[in-house]
Amino acid sequence: VIRVTYVAIMTILACVLPFFESVVGISGAISFFPISIYYPFAMYRKMYGDTISKKFNLLLNMISVFTLSVGAAATVGAFRNMITGWTDFQIFNT
């Protein structure tokens, strides 16, 4: 239900706003880390928490920090793209 609602809201926003690619970029940048990295790592740790070595746990933490920083940079870049595009936008001008 939450995923369907999220997709519906993002689709409506993308159709209403003139910068479709920026909205998709923001949506992807915000949802990248939790869906692709955090949730799978959390489930792995939940299932195999007792058998994970300290080195492997450190590796998972380093990957998490790196991908979180990539997701944050992508979010900043997507917002920057939308803001710079918005300054040049003129409605109904082709």
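The shown structure was predicted, so the numbers you read here are calculated from the model rather than taken from an experiment. In this numbering scheme, every chain counts its residues from 1 along its sequence in written order. For a predicted model such as this one, the threshold for reporting local features is a pLDDT of at least 70, and the threshold for listing and counting side-chain atom pairs is 80 or more; totals across whole chains, interfaces and linings nevertheless cover every residue. Remark: hydrogens and water are excluded; side-chain values derive from all non-hydrogen atoms of the structure.

## A word on the overall build of the protein
- A helix here means a DSSP run of H or I that spans at least four residues, while a strand means a run of E at least two residues long, and both kinds are numbered starting from the N terminus. Helix and strand counts for the protein stand at three helices and zero strands.
- Starting at the N terminus and ending at the C terminus, the protein contains elements arranged as α-α-α.
- C-alpha extents for the protein along the principal axes are approximately 60 × 30 × 10 Å.
- Any two residues having at least one pair of non-hydrogen atoms within 4.5 Å are treated as being in contact. The long-range fraction of contacts in the protein, counting pairs at least 24 apart against all pairs at least 6 apart in sequence, stands at 60%.

## Examining the side chain of serine 27
- Relative to the assigned elements, serine 27 resides in helix α2 (residues 20–48).
- Only protein chains enter the accessibility calculation, which uses a 1.4 Å probe; a residue whose area is less than 20% of its type maximum is buried, one above 50% is exposed, and one in between is partly exposed. On the accessibility criterion, serine 27 (14% relative accessible area) is buried.
- Separated by 3.0 Å, the side chains of serine 27 and tyrosine 6 make a polar contact.
- Leave out the neighbours within four places in its chain, and serine 27 touches Tyr6 and Met10. N or O atoms closer than or at 3.5 Å make up a polar contact, with two conditions inside protein: a donor-capable atom paired with an acceptor-capable one, and, for residues adjacent in sequence, both atoms drawn from side chains.

## A closer look at the packing of aromatic side chains
- Here a Phe, Tyr or Trp ring, Trp counted by its six-membered ring, pairs with any other such ring whose centre lies within 6.5 Å, and the pair is stacked when the planes are under 30 degrees apart, edge-to-face when over 60, and tilted otherwise. A complete count under the given rule lists three aromatic pairs for this structure.
- Between the aromatic rings of tyrosine 44 and tyrosine 48, the centroid separation amounts to 5.0 Å while the plane-to-plane angle is 50°, which identifies the pairing as tilted. Within this pair, tyrosine 44 and its partner tyrosine 48 are both found in helix α2, separated by four residues, close to a single helical turn.
- Judged by its relative accessible area of 40%, tyrosine 48 falls in the partly exposed class.
- In this structure an aromatic cluster arises from ring pairing among Tyr44, Tyr48 and Phe56.

## Re α2
- Here α2 contains 29 residues, and its C-alpha end-to-end distance of 41 Å stays within 8% of the 42 Å for a straight helix at 1.5 Å per residue.
- At any given residue, the bend is defined as the angle formed between two axes, one fitted to the seven residues that end at that position and one fitted to the seven that begin there. At serine 31, α2 shows its strongest bend, of approximately 45°, with the proline proline 34 following within four residues.
- If you check which residues of α2 are buried, you get Ser22, Val23, Ile26, Ser27, Ala29, Ser31, Phe33, Ile37 and Phe41. Helix span, as expected, comes to 1.5 Å for every residue beyond the first.

## Details of the confidence of the model for the protein
- Within a predicted model, pLDDT stands for the predictor's per-residue confidence, ranging from 0 to 100. For the protein, per-residue confidence averages 84 on the pLDDT scale, and residues scoring 70 or more make up 91% of the total.
- Confidence scores differ between elements of the protein, with helix α1 (residues 2–16) showing the lowest mean pLDDT of 83 and helix α3 (residues 54–87) the highest of 88.

## Side note on the packing of α2 against α3
- Closest axis-to-axis distance for the α2/α3 pair is 8 Å, and the angle between their directions is 170°. The orientation of α2 with respect to α3, classified from their angle, is roughly antiparallel.
- Only Asp, Glu, Lys and Arg are considered charged, only Ala, Val, Leu, Ile, Met, Phe, Trp, Tyr, Cys and Pro nonpolar, and every remaining residue, Gly among them, polar. By residue class, the composition of the contact of α2 with α3 is 17 nonpolar, nine polar and one charged. Lines are fitted to the C-alpha atoms to define the axes, a helix being fitted only along its stretch in contact, and any angle between axes, read from their N-to-C directions, falls within 0 to 180 degrees. For classification purposes, an angle smaller than 35 degrees is called roughly parallel, one larger than 145 roughly antiparallel, one from 65 to 115 roughly perpendicular, and anything else oblique.

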